[in-house]
Amino acid sequence: MSQVLKLKKGSVAGGFMNKDILFVDVKSVRLDRVLTNLFLKMYANGAPLSPLVRRGGYDIENIEEILCKLEEKGKFKGVLANSGAVEDWLRSSLLELVNRGNVVKEHVATLKPLHLLSWRLQNTKYCRDYRASDQLYLMLHSNPSVMAGLVSYLSKGWDKHSGNIVSSENLDVDTTGILYLTQPMKEKNNTRKEIESTPEPFLKEQAALFCDDIRRLLLYKDVLPRTVFIDYLRILCGFHLCLYTLKLVYLLPKMVVAGTRDIPDDWSMVVDVTDNLDSPVAPYACSDMERTENGYGRYIRATYMIDYVQKRRGCSVDEALRILANDNNHSDGYYESDLNNIRDGLPKSSETEFDQEDLKEMLELFPEDDYFDKLIHILEKSNLGASQLRFTRDFVDSVSMKNTSSKLLADSRSRRHPRRGALGSKLLETLVQLLVIQDKPNGGFETRSLSIDELVEEIRNRYGLIINGLAEDRFAETGVEANEAFRINMEAFKDKLRQIGFYTDMSDAYILQKIRPRYKLES
């Protein structure tokens, strides 16, 4: 049985994506495109809306023409006289390009996500995000005050009610350029599409953590340059999409067994901070990521099981979990009918295709009347299950910003260096900026200094990322090698903090070795 059973997407139990669990059609994504689509959803309050794209799409030449027309209206100066410099400005500071530098294949995707209106200028086919922005939107939607604060910041310089630019606002040159380019552009309501209700986040605590991180980031809105703020926002969006997915992969199969989503969240992951793929802590970090990757199959199976029960019963995810644990009739005629349809769609015998004999061999170990488990097994082993496994891995790689300065995961092309948790310098910088803020007991907030151990503990307790594993129960029985590995990881952590300017050894006294805030904030 060398052939693979090929099923059409959506032919059995609907598609894999379940918006009540993870509102993403998982594939590799670009985070800048995700932000652009998120801005569109925030602008439209979740309503179906799309930009009015000019016939033939946008390219650098016709964007320069738009700038020339704006110059005629007195909005810009020197566009015609400095066309080469204008093109360089567009390429380096304003535009997201696909296949950058390839004379034949280079195309404009959209504007850089510096303003809420950036989505108005885009070539839609190069801006797909496979609904990752829907997942971010539903997480933000669970905290309206944070959503409103982010929209207010991103809308700076523009009055939505009048549609006019507010020139008194203090904006940088790039954001101002984007604002003038997009201000006259319009959008269209997709009247053929029904307005989808925004589901509640499946992992509510994880969504609340994301919103709290965005709330903390917004406290810096008056002191951070806009480009730095947007970069932090992009990093946080990718970081939380990755955390959400990794936790879902770990927890969903356990929820199916327990029959409820109310189970302890004991997920954690060792992160290698050394940037050395052969570091002493690498085996522990690789082992944790291997556990996650081995769980992808169980996660896909659990999702298919929930999808099938929801399709059969027309119920919520919580009710589907209860039914799977306590009340699922595996011999239901509904499942038998679907199984027969799959069998009838296969050739009786074939040398080149998956046939009915191959299906019989695949299912021979199952009880005769266990139609439900047979269907789930078929989905797992079909082309749909195989592709879902690959796409899930690709999605996690992309949102983890793998092998970049913002990475949560790292690997190499060699099999000697498999995926492992990591902590890039930009990601660490972003997290430290948030963790030096604390809420006051009587309301308000303030920045504070942290010791190295306090910061490591905050990262562990808040995000589940282990830098020093010696306090972990699962490493309690380990020997000298683990102690040395985590000691080296801690030294690398200190070095990384020095590199990004948060840590200076003022004294040999441990009590004076502190992480000091870059900005003093208080309210």
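Up top is the structure.
Residues numbered from 1 in each chain as written. Predicted model: local features only at pLDDT ≥ 70, side-chain atom pairs only at ≥ 80, totals over all residues. Heavy atoms only, no water.

Visitor: Which parts of the structure should I look at to understand the overall build of the protein chain?
Guide: Per the secondary structure count, the protein chain includes 18 helices and 14 strands. For 523 residues, the compact-globule estimate of 2.2 N^0.38 gives 24 Å, and the C-alpha radius of gyration of the protein chain, at 26 Å, lies within 12% of that figure. C-alpha extents for the protein chain along the principal axes are approximately 75 × 65 × 50 Å. Counting all 523 residues of the protein chain, 53% fall into the buried class. Across the protein chain, every contact between residues at least 6 apart in sequence was considered, and the portion connecting residues at least 24 apart equals 68%. In the form shown here, the protein chain has an accessible surface area of approximately 24800 Å², with 47% of it arising from carbon and sulfur atoms. Taken as two groups, the 72 positive and 77 negative side-chain charges of the protein chain have centres that lie 5 Å from each other. (Helix = DSSP H or I, 4+ residues; strand = E, 2+ residues; numbered from the N terminus. Rg over C-alpha atoms; globule rule 2.2 N^0.38 Å. Buried < 20%, exposed > 50% of the residue type's maximum accessible area, 1.4 Å probe, protein only. Contact = heavy atoms within 4.5 Å. Areas by Shrake-Rupley, 256 points an atom, 1.4 Å probe, with all protein chains shown as cover. Lys, Arg positive; Asp, Glu negative; His and termini not counted. Charge placed at Lys NZ, Arg CZ, Asp CG, Glu CD.)

Visitor: What is the right way to look at helix H9 (residues 282-294) in this model?
Guide: For H9, built from 13 residues, the straight-helix expectation of 18 Å at 1.5 Å per residue is met to within 8% by its first-to-last C-alpha distance of 18 Å. Residues of H9 that are buried include every one of Ala-282, Tyr-284, Ala-285, Cys-286, Asp-288, Met-289, Thr-292 and Glu-293, and no others. (Expected span 1.5 Å × (residues − 1).)

Visitor: Hey, could you run me through the sheet that holds strand E9 (residues 420-422) in this one?
Guide: Strand order in this open sheet of four strands is E8-E9-E7-E13, and the pairing throughout is mixed. Of all strands in the sheet, those bounded by a partner on one side alone are strand E8 (409-410) and strand E13 (465-466). Pairing between strand E7 (residues 269-272) and E13: two bridges, direction parallel. Along E13, the bridge assignment pairs Val-270 with Ile-466. (Pairing = 2+ DSSP bridges.)

Visitor: Mind showing me how you'd approach a positive patch on the surface here?
Guide: The grouping of Arg-54, Lys-69, Lys-73 and Lys-75 at the surface amounts to a positive patch. Within the secondary structure, Arg-54 is located in the loop between strand E1 (49-51) and helix H2 (60-72). (Patch = residues over 30% accessible without salt bridge, like charges linked within 9 Å, V, L, I, M, F, W, Y side chains within 5 Å. Salt bridge = Lys/Arg side-chain N within 4 Å of Asp/Glu carboxyl O.)

Visitor: Would you take a moment to explain the packing of aromatic side chains for this structure?
Guide: In this description, an aromatic ring pair is defined by two values, namely the gap between the centres and the angle between the planes. The tally for this structure, following the rule as stated, stands at 14 aromatic pairs. For the ring pair Tyr-153 and Phe-229, a centre distance of 4.1 Å and an interplane angle of 40° mean the geometry is tilted. Here the residue Tyr-153 occupies a position in helix H5 (residues 144-154), and Phe-229 occupies one in helix H8 (residues 226-258), the gap between them amounting to 76 residues. Each member of the pair Tyr-153 and Phe-229 is classed as buried. The ring of Phe-391 has Lys-27 sitting right over it, with the charged end atom 4.8 Å from the ring centre. One Lys or Arg, Arg-390, reaches over the ring of Phe-391 and ends 4.9 Å from the middle of that ring. (Phe/Tyr/Trp six-rings, centres within 6.5 Å; stacked < 30°, edge-to-face > 60°. Lys NZ or Arg CZ within 6 Å of the ring centre and 35° of its normal.)

Visitor: Help me understand helix H18 (residues 480-499), please; the structure alone is not making it clear to me.
Guide: Helical geometry note: an α-helix holds 3.6 residues per turn, so side chains three or four residues apart project in the same direction. Between its first and last C-alpha atoms H18 spans 29 Å; for 20 residues at 1.5 Å apiece the expected length is 28 Å, and the two agree. Burial in H18 covers these residues: Ala-482, Ala-485, Phe-486, Asn-489, Met-490, Ala-492, Phe-493, Lys-494, Lys-496 and Leu-497. Where H18 is buried, its residues contact E7, H9, helix H16 (425-435), helix H17 (452-463) and strand E14 (514-515). One or two steps after H18, the chain reaches Gly-501, where phi turns positive at roughly 85°.

Visitor: What exactly am I supposed to notice about the pairing of strand E2 (residues 95-98) here?
Guide: A regular strand carries its side chains on alternate faces of the sheet. A two-sided burial pattern is seen for E2, the buried positions comprising Leu-95 and Leu-97 on one face and Glu-96 and Val-98 on the other. As paired elements, E2 and strand E3 (residues 107-111) share four bridges and run antiparallel to each other. Of the residues in E3, the one forming a bridge with Leu-97 is Val-108.

Visitor: Explain the packing of helix H4 (residues 132-141) against helix H7 (residues 204-218) here, please?
Guide: The relative placement of two packed helices comes down to the angle between their axes together with the axis-to-axis distance. Closest axis-to-axis distance for the H4/H7 pair is 8 Å, and the angle between their directions is 80°. With respect to each other, H4 and H7 are oriented roughly perpendicular. Contacts from Leu-136, Met-139 and Leu-140 of H4 reach H7 at Gln-206, Ala-207, Phe-210, Cys-211 and Ile-214. Here the residues of the contact of H4 with H7 sort into seven nonpolar, one polar and no charged. (Axes fitted to C-alpha atoms, helices over the stretch in contact; angles between N-to-C directions. Parallel < 35°, antiparallel > 145°, perpendicular 65-115°, else oblique. Nonpolar A, V, L, I, M, F, W, Y, C, P; charged D, E, K, R; others polar.)

Visitor: Would you mind going over the side chain of Asp-174 with me for this structure?
Guide: For Asp-174, the location among the structural elements is in helix H6 (residues 173-182). The buried charged residue Asp-174 lacks any salt bridge partner; its closest oppositely charged side chain belongs to Lys-112, at an N-O distance of 8.6 Å. In this structure, Asp-174 is in contact with Trp-89, Ser-93, Leu-94 and Leu-114, ignoring residues within four places of it in sequence.

Visitor: Help me understand the packing of H2 against helix H3 (residues 83-94), please; the structure alone is not making it clear to me.
Guide: Packing of H2 against H3 brings their axes to within 11 Å, and their N-to-C directions diverge by 115°. Taken together, the axes of H2 and H3 are roughly perpendicular relative to one another. Considering how the two elements wind past one another, H2 and H3 form a crossing that is right-handed. Of the residues in H3, those touching H2 at Ile-60, Ile-63, Glu-64 and Leu-67 are Ser-83, Val-86, Glu-87, Trp-89, Leu-90 and Arg-91. (Left-handed = near helix turned anticlockwise from the far one by under 90°.)

Visitor: Would you mind going over unusual backbone geometry with me for this structure?
Guide: Most peptide bonds take the trans configuration, and most residues that are not glycine carry a negative phi. Within the chain, Tyr-130 stands out as a residue other than glycine whose phi angle is a positive 50°. By secondary structure assignment, the location of Tyr-130 is in the loop between E3 and H4. Owing to a relative accessible area of 21%, Tyr-130 belongs among the partly exposed residues under this scheme.

Visitor: What is the right way to read the environment of Leu-409 from this model?
Guide: The topology assignment puts Leu-409 in strand E8. Remark: the alpha-carbon pair of Leu-409 and Gly-421, spanning twelve residues in sequence, is separated by 4.6 Å. Those residues in contact with Leu-409 that lie beyond four places of it in its chain are Met-269, Met-289, Val-396, Asp-397, Ser-400, Lys-402, Asn-403, Arg-420, Gly-421 and Ala-422.

Visitor: I would appreciate a short explanation of the nonpolar core in the present structure.
Guide: One broad trend across soluble globular proteins is that nonpolar side chains are buried collectively. Core analysis: the largest hydrophobic core is formed by 156 residues, its most contacted members being Met-42, Leu-140, Leu-465, Phe-493, Leu-497 and Ile-515. Here the element with the most residues in this core is H8; it accounts for 20 residues. Sequence-distant contacts of Leu-140, defined by excluding residues within four places in its chain, comprise Leu-38, Met-42, Val-146, Met-147, Leu-150, Phe-210, Cys-211 and Ile-214. Val-281, Tyr-284, Ala-285 and Ala-482 belong to the second-largest nonpolar core, a separate cluster that totals nine residues. (Core = buried A, V, L, I, M, F, W, Y, C linked by side-chain atoms within 4.5 Å.)

Visitor: Sorry if this is basic, but what is going on with the side chain of Ser-268 here?
Guide: Along the chain, the position of Ser-268 falls in the loop between H8 and E7. Here Arg-474 takes part through its side chain, which lies 3.3 Å from a polar atom of the side chain of Ser-268. Those residues within four positions of Ser-268 in sequence are excluded, and the remaining contacts are Asp-288, Arg-291, Arg-460, Gly-464, Ile-466 and Arg-474. (Polar contact = N/O pair within 3.5 Å; in protein donor to acceptor, adjacent residues only side chain to side chain.)

Visitor: Just to check I follow, could you spell out the pattern of salt bridges for this structure?
Guide: Working definition: two side chains of opposite charge can pair if their charged atoms are close together. With the rule as written, the count across this model stands at 39 salt bridges. The partner of Arg-33 in a salt bridge is Glu-96, with the nearest N and O atoms 3.1 Å apart. In this pair, Arg-33 is assigned in helix H1 (residues 31-44) and Glu-96 in strand E2, connecting sequence segments 63 residues apart. Summarising the burial analysis for this pair, Arg-33 and Glu-96 share the class buried. Residues Arg-301 and Asp-373 are paired through a salt bridge, measuring 3.6 Å at the closest nitrogen-oxygen approach. With Arg-301 in helix H10 (residues 296-313) and Asp-373 in helix H14 (residues 371-381), this pair connects stretches of sequence that are 72 residues apart. With relative accessibility at 25%, the residue Arg-301 sits in the partly exposed group. Via salt bridges that share partners, Asp-212, Asp-213, Arg-215, Arg-216, Asp-439 and Arg-462 belong to a single interconnected network.

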